Amino acid sequence: MSEPLILTQVRGEAALKVGVITLHRPKQLNALNDALMDQLGAALLAFDADESIGCMVITGSEKAFAAGADISAMAKWTYMEVYKSDFITRNWETLKRVRKPVIAAVSGFALGGGCELAMMCDIIIAAETAKFGQPEIKLGIIPGAGGTQRLPRAVGKAKAMDLSLTGRMMDAAEAERAGLVSRVVPADKLLDEAFAAADAICSYSLPSLIAAKECVNRAYEAPLNEGLLFERRAFHALFATEDQKEGMEAFLAKRPAAFKHR
Ligand code: HXC
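Residues numbered from 1 in each chain as written. Predicted model: local features only at pLDDT ≥ 70, side-chain atom pairs only at ≥ 80, totals over all residues. Heavy atoms only, no water.

(A) The site of the ligand, seen in detail. Around the ligand, a shell composed of 25 residues is seen, among which K63, A67, A69, I71 and G113 lie nearest. With respect to the ligand, the backbone of K27 contributes an N or O atom lying 3.4 Å from an oxygen atom. Separating a nitrogen atom of the ligand from a backbone N or O atom of I71 is a distance of 2.9 Å. For the ligand, whose free accessible area comes to 1,000 Å², the fraction covered by protein is 63%. Going through the elements one at a time, α2 (71-74), β6 (109-111) and α5 (113-120) are the ones with two or more residues in the shell around the ligand. Taken together, the residues that form the shell around the ligand break down as 15 nonpolar, five polar and five charged. (Near = heavy atom within 4 Å. Polar contact = N/O pair within 3.5 Å; in protein donor to acceptor, adjacent residues only side chain to side chain. Areas by Shrake-Rupley, 256 points an atom, 1.4 Å probe, with all protein chains shown as cover. Helix = DSSP H or I, 4+ residues; strand = E, 2+ residues; numbered from the N terminus. Nonpolar A, V, L, I, M, F, W, Y, C, P; charged D, E, K, R; others polar.)

Shown next, in the form of structure tokens:
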């Protein structure tokens with residue numbers, strides 16, 4: 001059994017629980033190597049398949065969410081090695097297969113692959129100490145896990161080019177202004193805030209959460225009319241669920257909804 005490079009925990013008071021994954025290579029600032037990405041992917045898929053889990057939180061340490069892919073592992077790789085082993089696709093894209101919401105709770109450095117990992121999550125909550133960047137240019141490479149594509153979609157071309165070409169870091173306040181993160185909170189409140197958001201998510205109906213996530217993600221991938229049609233179909237389909245009846249009846253009866261599918 002390989003050394004654990006992530007810690008997992010299940011928490012929460014609601015009917016559905018929160019699956020928490022803490023990246024844990026503290027000495028290397030959570031540099032993301034293959035073993036860690038394999039373990040992260042396995043944990044995400046296990047939580048996604050677990051019917052008692054409604055939402056996931058990925059976090060790191062106070063100093064670093066993750067300082068990027070592991071440079072010491074990559075330093076000697078050749079083109080044929082990265083090409084034949086399908087580096088990145090082989091274990092970085094597991095997050096794309098996760099249907100339940102995933103929150104990144106980011107404190108400290110989120111650089112290179114660390115920033116890309118955060119951007120693959122559905123919500124980024126940042127501590128005031130968070131620093132985001134795509135410094136790959138300093139290493140003679142470019143972002144390889146979606147940074148050149150997701151960053152401009154999140155913050156626009158101006159800042160995406162600035163970060164990618166100069167390698168500079170963006171602090172939490174700038175990241176929030178630019179639209180990369182959903183919220184910025186004091187560092188000592190980061191996990192409380194992320195868990196509160198996760199608990200709120202866990203109190204809702206899972207089919208509607210999955211539909212909302214799929215539809216928002218469609219906004220990145222489809223022309224407006226296709227996205228609108230996709231949303232309309234998902235919206236109509238939710239009227240086939242017991243939870244739509246329950247949610248609306250509960251509102252009208254002025255009582256909390258007791259969703260069945262959560
Ligand atoms: C391997 C890393 C690392 C990384 C830090 N470390 N980042 N090891 N890969 N990405 C190690 C350091 O070598 C050091 O090990 C220890 O962690 C502490 O780091 P320091 O540099 O001493 O800390 P500090 O001075 O506070 O500086 C923090 C830092 C700096 C600014 C984050 O470590 C840094 O610039 N790291 C690299 C950031 C980066 O370039 N990321 C992009 C990677 S490429 P020792 O043994 O000396 O204590 C990438 C490509 C993605 O992500 C492609 C898709 C997968």
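(B) Quick peek at the nonpolar core. Counting 48 residues, the largest nonpolar core has F132 and L180 as its most contacted members. If one sorts the elements of this core by residue count, helix α1 (residues 34-49) sits on top with six residues. With near-sequence residues (within four places) excluded, L180 lies in contact with M119, I124, F132, L151, A154, V155, M170 and A175. The next biggest cluster of nonpolar side chains, apart from the first, holds 20 residues, and it includes L190, A194, F195 and A197. (Core = buried A, V, L, I, M, F, W, Y, C linked by side-chain atoms within 4.5 Å. Buried < 20%, exposed > 50% of the residue type's maximum accessible area, 1.4 Å probe, protein only. Contact = heavy atoms within 4.5 Å.)

(C) Broad picture of the packing of aromatic side chains. The full count for this structure, using the stated rule, is three aromatic pairs. Judged by centre distance (4.9 Å) and plane angle (75°), the ring pair of W77 and F87 falls under edge-to-face. Placement of W77 in the loop between α2 and α3 (79-84) and of F87 in the loop between α3 and α4 (89-92) is noted, with a sequence separation of 10 residues between them. Plain terms: the ring middles of Y79 and Y83 are 5.6 Å apart, the flat faces sit at 15° to each other, and that makes the pair stacked. Of this pair, Y79 and Y83 both sit in helix α3, separated by four residues, roughly a single helical turn. The ring of F230 has R218 sitting right over it, with the charged end atom 4.2 Å from the ring centre. (Phe/Tyr/Trp six-rings, centres within 6.5 Å; stacked < 30°, edge-to-face > 60°. Lys NZ or Arg CZ within 6 Å of the ring centre and 35° of its normal.)

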